[in-house]
Amino acid sequence: MSYKVIFFDAKEYDIESFKNAEAFNEFDIKFFETRLSPDTVDLCSGYDAVCVFVNDEINKEVIDKLQDFGIKLLALRCAGYNNVDVKYAEGRICVVRVPAYSPYAVAEHAMAMLLTSVRRIHKAYIRTRDFNFSLNNLTGFDLHGKTAGVVGTGKIGRIFADICKGFGMKVIAYDKLPNESSGLEYVSLEELFAKSDIISFHCPLTDETFRMVNEKSIETMKKGVVLINTSRGPLIDSEALLEGIKTRKVGAACLDVYDEESDFFYHDFSNHIVSDDTLARLISMPNVIVTSHQAFLTKEALANISETTLKNI
Ligand code: NAI
């Protein structure tokens, strides 16, 4: 009898990459579009393992139910695990994840957003499609010679730092556990905030990093600072960011993640009235770019995610 896996939050590209994985036929996988949450956990009855992504909600209640159903394995097909109560899971259910599938995908997306923002490509693209070839208000700035502050110098942060160096930028870094062999110049978080023209976040979401960008920390940053968040939404207090943009303290924001993203990201709301005023206002700003947690989405990353997840299972 083959091992039964229930797969939540399945998108077309997930299904395709898992079906292409070598080990796919060794398992009996059932794909569900819905997310795992206390409301949907009953679907897990009769399975051996559960496969989830970034916005599934695995809290105490869900873990208790999974245990009741005799499920021993929770396989995250992502790197971050802030959506799982891992402390509670200990001794109850085994949790595995994909710690590295393509750090290049995320670091390159961060740079893509930065370039789009500072060279106004998002605006130019829309103009030229309408045969508007005016250059007014499209003035950008050189990245060369600017200071990039990298918060979190693990796999992704270090690649982003290398990319910035390739552009001739000065890179300074902050990490709770500095990696002295990285050759990076480490400074305190306060110094990084005060000196950086561009700040990119590559640390996990923890109690310490929750809202590390807030009203007070924004005050300490350079005027015109560009903030890039490809880490997790709650690192940034969205209201404070909005205020920083309105007062022109923050020059631009590139957000691949958002505080309340699970209510919106990965779904089509183009025919709806979006109920989150902060998100709507941020998106309305000419200097804010939002992508919907897309930084991981490359062919290479999807292939690594499916291969590693099936190996983990
Ligand atoms: P990693 O584990 O290799 O590196 C994280 C680094 O953050 C480590 O060096 C760690 O010491 C540091 N760190 C931990 N606590 C910190 C703190 N309080 N202050 C500063 N630094 C701290 O992780 P990796 O692979 O580089 O990923 C980073 C984050 O990127 C993940 O935690 C995840 O949230 C996010 N991510 C986002 C994706 C997307 O599609 N947008 C895809 C993959 C990851």
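Keep in mind it's a predicted model, so treat the numbers as computed, not measured.

Criteria and cut-off values
- Residues numbered from 1 in each chain as written.
- Predicted model: local features only at pLDDT ≥ 70, side-chain atom pairs only at ≥ 80, totals over all residues.
- Heavy atoms only, no water.
- Salt bridge = Lys/Arg side-chain N within 4 Å of Asp/Glu carboxyl O.
- Helix = DSSP H or I, 4+ residues; strand = E, 2+ residues; numbered from the N terminus.
- Buried < 20%, exposed > 50% of the residue type's maximum accessible area, 1.4 Å probe, protein only.
- Axes fitted to C-alpha atoms, helices over the stretch in contact; angles between N-to-C directions.
- Parallel < 35°, antiparallel > 145°, perpendicular 65-115°, else oblique.
- Left-handed = near helix turned anticlockwise from the far one by under 90°.
- Contact = heavy atoms within 4.5 Å.
- Nonpolar A, V, L, I, M, F, W, Y, C, P; charged D, E, K, R; others polar.

### Describing the pattern of salt bridges
Then step 1. Going through the model one piece at a time under the given rule, you end up with 10 salt bridges.
Then step 2. With a closest N to O distance of 3.1 Å, Glu185 and Lys170 form a salt bridge. Of the two residues, Glu185 sits in strand β8 (residues 185-186) while Lys170 sits in strand β7 (residues 170-174), which places them 15 residues apart along the sequence.
Then step 3. Classification of Glu185 as partly exposed rests on a relative accessible area of 38%.
Then step 4. Residue class for Lys170 comes out partly exposed when judged on its relative accessible area of 42%.
Then step 5. In this structure, Arg211 and Asp259 form a salt bridge, with 2.7 Å as the shortest nitrogen-oxygen distance.

### Examining the packing of helix α4 (residues 103-118) against helix α6 (residues 155-166)
Then step 1. Closest axis-to-axis distance for the α4/α6 pair is 8 Å, and the angle between their directions is 45 degrees. The angle between the axes of α4 and α6 places the two elements in the oblique class. For the element pair α4 and α6, the recorded crossing hand is right-handed. Residue-level contacts link Pro103, Tyr104, Val106, Ala107, Glu108, Ala110 and Met111 of α4 to Lys155, Ile156, Ile159, Phe160, Ile163 and Cys164 of α6.

### What about the packing of helix α9 (residues 238-246) against helix α10 (residues 277-284)?
A pair of packed helices is characterised by two quantities: the angle between their axes and the separation of those axes.
Then step 1. Between α9 and α10, the least distance of the axes is 10 Å, while the angle of their chain directions is 30 degrees. α10 is crossed by α9, and the crossing has left-handed handedness. Where α9 approaches α10, its residues Ser238, Glu239, Leu241, Leu242, Ile245 and Lys246 are matched on the opposing element by Thr278, Arg281 and Leu282.
Then step 2. Class assignment for the residues of the contact of α9 with α10 results in four nonpolar, two polar and three charged.

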